There are 2 protein chains.
Amino acid sequence: MRDDRFCASNCPFTRAIGTIGNKWKPIIINVIGTRTIRFGQLDSIVPHISRKVLAEQLKELEEDGLLERWAYKELPPRVEYKLSEKGLAFLPILENIKEWNCKYEVALTPKATDRVSYAK
Amino acid sequence: MRDDRFCASNCPFTRAIGTIGNKWKPIIINVIGTRTIRFGQLDSIVPHISRKVLAEQLKELEEDGLLERWAYKELPPRVEYKLSEKGLAFLPILENIKEWNCKYEVALTPKATDRVSYAK
DNA sequence: TATTCTGGTTACCACCAGGTAACTGCAAAT
DNA sequence: ATTTGCAGTTACCTGGTGGTAACCAGAATA
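One structure accompanies this document, and this report is about it. (Residues numbered from 1 in each chain as written. Chains lettered and ligands numbered in written order. Predicted model: local features only at pLDDT ≥ 70, side-chain atom pairs only at ≥ 80, totals over all residues. Heavy atoms only, no water.)

Quick look at the relation of the copies chain A and chain B now. Of the transformation placing chain A onto chain B, the axial shift is 0.0 Å and the rotation is 180°, giving an RMSD of 0.0 Å. The two molecules are tied by a two-fold rotation axis, judged by turn and shift. It is N22(A) whose C-alpha, among those of chain A, lies nearest the rotation axis, at 2.3 Å. Of the interface residues in chain A, 100% have counterparts in chain B that sit at the interface too, so the contact is made through matching surfaces. (Least-squares fit on C-alpha atoms with pLDDT ≥ 70 in both. Contact = heavy atoms within 4.5 Å.)

All right, on to empty space enclosed by the protein then. In the structure shown here, the tally under the stated rule is 1 cavity of 30 Å³ or more. In this model, the largest cavity occupies a volume close to 140 Å³. At the level of secondary structure, the elements contributing two or more residues to the lining of the largest cavity comprise helix 2 (12–20) and helix 6 (85–104) of chain A together with helix 2 (12–20) and helix 6 (85–104) of chain B. With 4 residues, helix 6 of chain B is the single largest residue contributor to the lining of the largest cavity. The class makeup of the residues in the lining of the largest cavity is 13 nonpolar, 4 polar and no charged. (1 Å grid on protein atoms, 1.4 Å probe; cavity = no way out; pocket = protein on both sides within 12 Å on 5 of 7 lines; lining within 4 Å. Points joined across faces, edges and corners; volume = space filled by probe spheres on them. Helix = DSSP H or I, 4+ residues; strand = E, 2+ residues; numbered from the N terminus. Nonpolar A, V, L, I, M, F, W, Y, C, P; charged D, E, K, R; others polar.)

Time to look at the interface of chain A and chain B. Opposite the 52 residues of chain A that make contact, chain B presents 52 residues. Overall, the association of chain A and chain B removes approximately 5,000 Å² of surface from exposure, summing both partners, and the carbon and sulfur fraction of that is 66%. Between the two partners, chain A and chain B, sit 4 salt bridges. A salt bridge links K23(B) to D3(A); the nearest nitrogen and oxygen atoms lie 2.5 Å apart. At 13 residues, helix 6 of chain A tops the list of elements feeding residues into the side of chain A that touches chain B. Partitioned by chemical class, the residues of the side of chain A that touches chain B number 25 nonpolar, 10 polar and 17 charged. (Buried area = accessible area lost by both parts, 1.4 Å probe. Salt bridge = Lys/Arg side-chain N within 4 Å of Asp/Glu carboxyl O.)

A few words now on unusual backbone geometry. All names here are of chain A. Of note, the bond from L75 into P76 is cis; its omega dihedral lies within 30 degrees of zero at -5°. Not every positive phi belongs to a glycine, and H48 is a case in point at roughly 70°. The topology assignment puts H48 in the loop between helix 4 (39–45) and helix 5 (51–63). For H48, a relative accessible area of 53% corresponds to the exposed category. (Buried < 20%, exposed > 50% of the residue type's maximum accessible area, 1.4 Å probe, protein only.)

What is shown is where atoms sit, not what they do.
Below is the structure:
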């Protein structure tokens with residue numbers, strides 16, 4: 001899930017990708033946003049994710065300091081998640097990705113054959 | 001590599017994550033940057049990547065319009081890669097990720113036990 | 001008494017990402 | 001005549017990711 005070789009890199013960018021560079025974490029962070037949310041809510045809102053994988057990702061996000069987990073000693077149990085300062089600071093980056101995608105997604109890409117050079 | 005469920009989502013953000021949300025693509029885009037680079041160079045610069053995976057990732061990046069591939073009909077073959085306009089537009093986002101990581105990486109995170117509420 | 005509600009964990013299993021090594025094709029150099 | 005160089009591709013194999021289903025506790029509800 002997290003790539004140890006990446007996380008142990010001496011390049012800070014590589015380390016960053018080692019922690020948030022997978023498909024689930026950006027989705028989860030984006031779904032949480034600025035609100036406080038419970039495990040069951042996440043499980044039903046995030047599409048196609050299994051409880052097992054969701055629990056793993058949340059644990060890693062907490063370990064990496066992006067997420068705060070508040071467990072209330074009640075029965076049935078109640079656990080609330082919210083982004084930390086670090087996690088909140090990541091939201092604008094996700095906004096940029098959204099804007100970037102909306103701007104460029106539909107742009108047609110020339111086919112490779114149009115770009116082959118017959119030099120020589 | 002690319003997640004079809006993500007790419008077929010009706011949420012543009014999810015689709016974006018479906019295309020660039022893995023660990024190799026941000027690394028490759030970052031390594032290329034604004035320069036023109038050959039396959040062999042990428043293979044030796046990007047750490048820990050195999051030629052097979054590199055070729056796959058480059059192909060997907062080209063298909064998604066982030067990368068331009070220029071093949072020169074020479075022998076031995078010469079192939080040059082450079083980011084498209086879309087790919088170049090993604091570079092500032094990677095810069096933001098670098099800054100974000102440098103700012104927050106070393107911040108200590110309180111342990112979960114410090115945050116357990118004993119309410120009730 | 002049995003069911004429900006919540007937030008997970010665990011065992012088990014299948015698939016696929018990704019690694020390795022060998023191979024290609026042709027020209028130029030040794 | 002053999003080696004080298006480039007940009008991959010292919011076959012083969014393994015490990016890890018991720019899915020499913022069952023299970024937990026203990027209170028409240030029916």
